[in-house]
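Observations on the model geometry
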Amino acid sequence: MPYYRAVGRIPHKRHTQFRRSDGGLYAEELMGTEGFSSEAALLYHEGLPTAIVDAQDWAMPTAVILPNHPLKPRHFTTHKLDAGSADAVTGRQLLLANRDVRISYAVVDAPSPLYRNAIGDECVYVESGEAVVETVFGALMVGQGDYVVLPTSTTHRWVPDGEARLFIVEAAGHIAPPARYLTKRGQFNEFSPYCERDLRGPAEPLIVPGEDVEVLVRHRSGGTRFVYARHPFDVVGWDGCLYPYALNIADFEPITGRVHQPPPVHQTFAGPNFVICSFVPRKFDYHPLSIPAPYNHANVDSDEVIFYVGGDFMSRKGAGIELGSVSLHPNGFTHGPQPGSVEASIGKEATDEWAVMVDTFRPLELGEAALACEDTSYAWTWSGRRNGGPDSTTG
Ligand SMILES: [Fe+2]
C-alpha cells in the first residue's frame, strides 16, 4: 500500500523516547515487508507486543482438494452452501486453491476469534451484510461491495452486524494496486480507475483492555493458538504505508472504449501469481458495429474465476449463473459467451453487471465446498449436449 497515513499519537521522530503518562516507554513495533526494504508501519503499543504466555497447536480444518481433472469449466452455486452459525475465520469454506492463493466463501453471523494470517495478505470481498473489522491499526466499518485488504500478520477480528457473506482471497504474498496505476513515487496516476480518495483506512486507534487474550495465527508450518499477556489492541498511534484498508467496488471507475476492452482494464489488485478484477455497471462499446459481448478466449497462462455479485451477467445467459455463482474457466479450455449472447448484446447500450474476477497463473484445484455446490451441467451449456460419460444424467 503506497499511501502514507498517520493515526493517533506518535512521536515527532521515529525510534526516539515516547512515554506514557506513567513515565514508562511505549513499545515501538516496526511492521515491515520485504525485510526492512519495503512498505512498513511503526506502531506504538502500551504494552509489549512480544509478551506471550502460551502457544498451542491450532488444528485448522483440513479441506479436501482435488485437481480439476478431467479438465472442465465449472460452476459453483455458493448460496447453496450451509449458512449455519459461523465466523469469518473458522467458518471459511474452501472453494479453490493452489500454491499462490486460496479462495473461500463464508456466511457469518458471529464475531471471529482474534486472528492473523502470517502467510500472506487477505482480500475479503463483502458480498452482502455489514461488519466491523477490528485491527491493531483501528477499526474499519465495511459493507456490501467492499474489498477489505488485510496485510500479512495484521491481528484482527471480524464482528458482523447480522449475517454477512464473504468471498475470501488469501494470498501467499502481498496484494496491492497494480504497479501501472502508480507513479514511480507511489501516487495513483490519472490512468488508474481508483485513487487515494477511494481508500478507507482506520481513522483512530482502537484500545481494548484485557489479559490472557487468545490469538489464532495461520503460519507457514500450520496453525498456532497464542495467548498474549494483554490484549493486542493496545496501539495508541501508528504511521506508515502498511495498514488495512477498504475499497468499495462502486468506487471503481470503469474504462470503456469503442470496441470491447480486455479484462486488464478491470484490474483492481495484483498479488503474487494472480490478479483481482472488478466488473461494474458501464456503458457498452460505441463503435457503430461493435459487439459488446466478449469474444471467445483462451487465456493460455491462467485459470479464471468469476464471482457473480449483482445485476444481469449478459454473457452467461442460459448457463444457470445466479447471484453468488462462481465460475471457473481453466487454462486448457477456450471459453466464451453462452450461445445467443453475442447477437443479443448488439445494440445494447449499457450493462448493470457486478462481478469479481480472480485470474491465477497456476492451475486451481477444487475444495470440498466447491464440490458440494457444483452445478455439474455447466460444462455442456455451450453445446447444449452431453454424450455419455459418468455424469451424463446431470445434464
Ligand atoms: Fe474470460
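Read on for an overview of the structure. (Residues numbered from 1 in each chain as written. Predicted model: local features only at pLDDT ≥ 70, side-chain atom pairs only at ≥ 80, totals over all residues. Heavy atoms only, no water.)

Section: the overall build of the protein
Our working rule: Helix and strand definitions here come from DSSP, where helices need a minimum of 4 consecutive H or I residues and strands a minimum of 2 consecutive E residues; each element is numbered from the N-terminal end. Atoms counted for the radius of gyration: C-alpha only. Globule rule: 2.2 Å times residue count to the power 0.38. Residue exposure (1.4 Å probe, protein chains only): buried if accessible area is under 20% of the type maximum, exposed if over 50%, otherwise partly exposed. In this description, contact between two residues means that some pair of their heavy atoms is separated by no more than 4.5 Å. Areas reported here follow the Shrake-Rupley algorithm with a probe of radius 1.4 Å; residue values treat only the protein chains shown as occluding.
Secondary structure summary: the protein contains two helices and 26 strands in total. Over its C-alpha trace the protein gives a radius of gyration of 22 Å, about what one expects of a compact globule, namely 21 Å for 395 residues. Overall size of the protein, expressed as C-alpha extent along the three principal axes, is 75 × 45 × 35 Å. Counting every position in the protein, which comprises 395 residues, the buried fraction comes to 52%. Nonlocal contacts in the protein, meaning residues at least 24 apart in sequence, comprise 75% of its contacts between residues at least 6 apart. As displayed, the protein offers around 18000 Å² of accessible surface, 52% of which is attributable to carbon and sulfur atoms.

Here we look at the coordination of the iron ion
In ideal tetrahedral geometry, four donors around a metal make angles of 109.5 degrees, whereas ideal octahedral geometry with six donors gives angles of 90 or 180 degrees. Which entries qualify depends on this criterion: Atoms are scored as donors when they are N, O or S and lie within 2.8 Å of the metal, with 3.2 Å used for Na, K and Ca; no water is included, so coordination may look incomplete.
Taken together, the protein donors to the iron ion comprise H297 (NE2), E304 (OE), E304 (OE) and H335 (NE2), at separations of 2.0 to 2.3 Å. Read N to C, the donor residues that coordinate the iron ion are spaced as H-x6-E-x30-H. Each member of the pair H297 and E304 is classed as buried.

Some thoughts on unusual backbone geometry
For the bond running from H69 to P70, omega is -5 degrees, close enough to zero to count as cis. When you line up the elements, P70 lands in the loop between β5 (65-66) and β6 (74-77). Phi is positive for H15, which is not a glycine, with a value near 60 degrees. Counting through the fold element by element, H15 comes out in the loop between β1 (5-8) and β2 (27-32). Even without being glycine, N273 reaches a positive phi, approximately 65 degrees. The residue N273 is located in the loop between β19 (267-271) and β20 (274-279) in this model. On the basis of relative accessibility, which here comes to 33%, the residue N273 falls in the partly exposed class.

Remarks on the sheet that holds strand β25 (residues 354-360)
As a reminder of what qualifies: One bridge is not enough; two strands pair if DSSP finds at least two bridges between them. A fitted line through C-alpha atoms serves as each axis, taken over the contacting stretch for helices, and the angle formed by two N-to-C directions is quoted from 0 to 180°.
Strand order in the open sheet made by the six strands is β6-β23-β22-β25-β20-β19, with antiparallel pairing throughout. Two strands in the sheet have a free side with no partner beyond their single neighbour: β6 and β19. Between one strand and the next, the sheet's axes are offset by a mean angle of 15 degrees, whatever the strand orientation. Sheet analysis places strand β22 (residues 303-310) next to strand β23 (residues 325-329), joined by four bridges and oriented antiparallel.

Concerning the side chain of E170
For clarity, the cut-off: As used in this structure description, the phrase polar contact means that two N or O atoms lie within 3.5 Å; if the pair is within protein, one of them must be able to donate a hydrogen and the other to accept it, and residues adjacent in sequence are counted only when both atoms belong to side chains.
Within the secondary structure layout, E170 lies in strand β13 (residues 156-171). In this structure E170 comes out as buried when scored by relative accessible area, which is 3%. At a separation of 2.8 Å, a polar atom in the side chain of E170 contacts the side chain of R218. In contact with E170, other than residues within four places in its own chain, are R92, D100, V101, R102, S104, N117, D121, E122 and R218.

Observations concerning the pattern of salt bridges
Selection rule: The rule for a salt bridge is simple: a side-chain nitrogen of Lys or Arg has to be within 4 Å of a carboxyl oxygen of Asp or Glu.
According to the stated counting rule, one finds 15 salt bridges in the structure shown. Note that R92 and E122 form a salt bridge whose closest N and O atoms lie 3.0 Å from each other. Remark: E122 occurs in strand β10 (residues 122-135) and R92 occurs in the loop between β6 and β7 (93-97); sequence separation between them is 30 residues. What makes E122 buried here is its relative accessible area of 1%.

Structural notes on the sheet that holds strand β3 (residues 40-45)
Taken in spatial order, the four strands line up as β1-β17-β3-β2 in an open sheet, and their pairing is antiparallel. If you trace the sheet from one side to the other, it starts and ends with β1 and β2, each paired once. Each strand axis lies, on average, 15 degrees off the axis of its neighbour in the sheet, ignoring direction. Strand direction decides the pairing type here: β3 and strand β17 (residues 235-240), joined by five bridges, are antiparallel. Looking at β17, one finds that L42 is bridged to D239.

Structural notes on the environment of V108
Within the fold, V108 resides in strand β8 (residues 101-108). With a relative accessible area of 2%, V108 lands in the buried category. C-alpha of V108 to C-alpha of A270: the two residues are 162 residues apart in sequence and 26 Å apart in space. Those residues in contact with V108, other than ones at most four positions away along the chain, are A86, D87, A88, P160, G162, E163, A164 and L166.

Section: a nonpolar patch on the surface
As a reminder, the rule being used: The patches reported here contain residues having more than 30% relative accessible area and no salt bridge. Joining distances are 9 Å for like charges and 5 Å for nonpolar side chains (Val, Leu, Ile, Met, Phe, Trp, Tyr).
On the surface, V64, L66 and L371 cluster together into a nonpolar patch covering about 220 Å² of accessible area. Note on placement: V64 falls in the loop between β4 (52-57) and β5.

A closer look at the state of the cysteines
Put simply, the rule reads: Any cysteine sulfur atom paired with another within 2.5 Å is treated as part of a disulfide.
Scanning all chains against the criterion turns up zero disulfides. With no disulfide of its own, C123 lies closest to C277 among cysteine sulfurs, the gap being 12 Å. Given the relative accessible area of 2%, C123 is considered buried. The structure places no disulfide on C241, whose sulfur is separated from the nearest cysteine sulfur, that of C195, by 16 Å.

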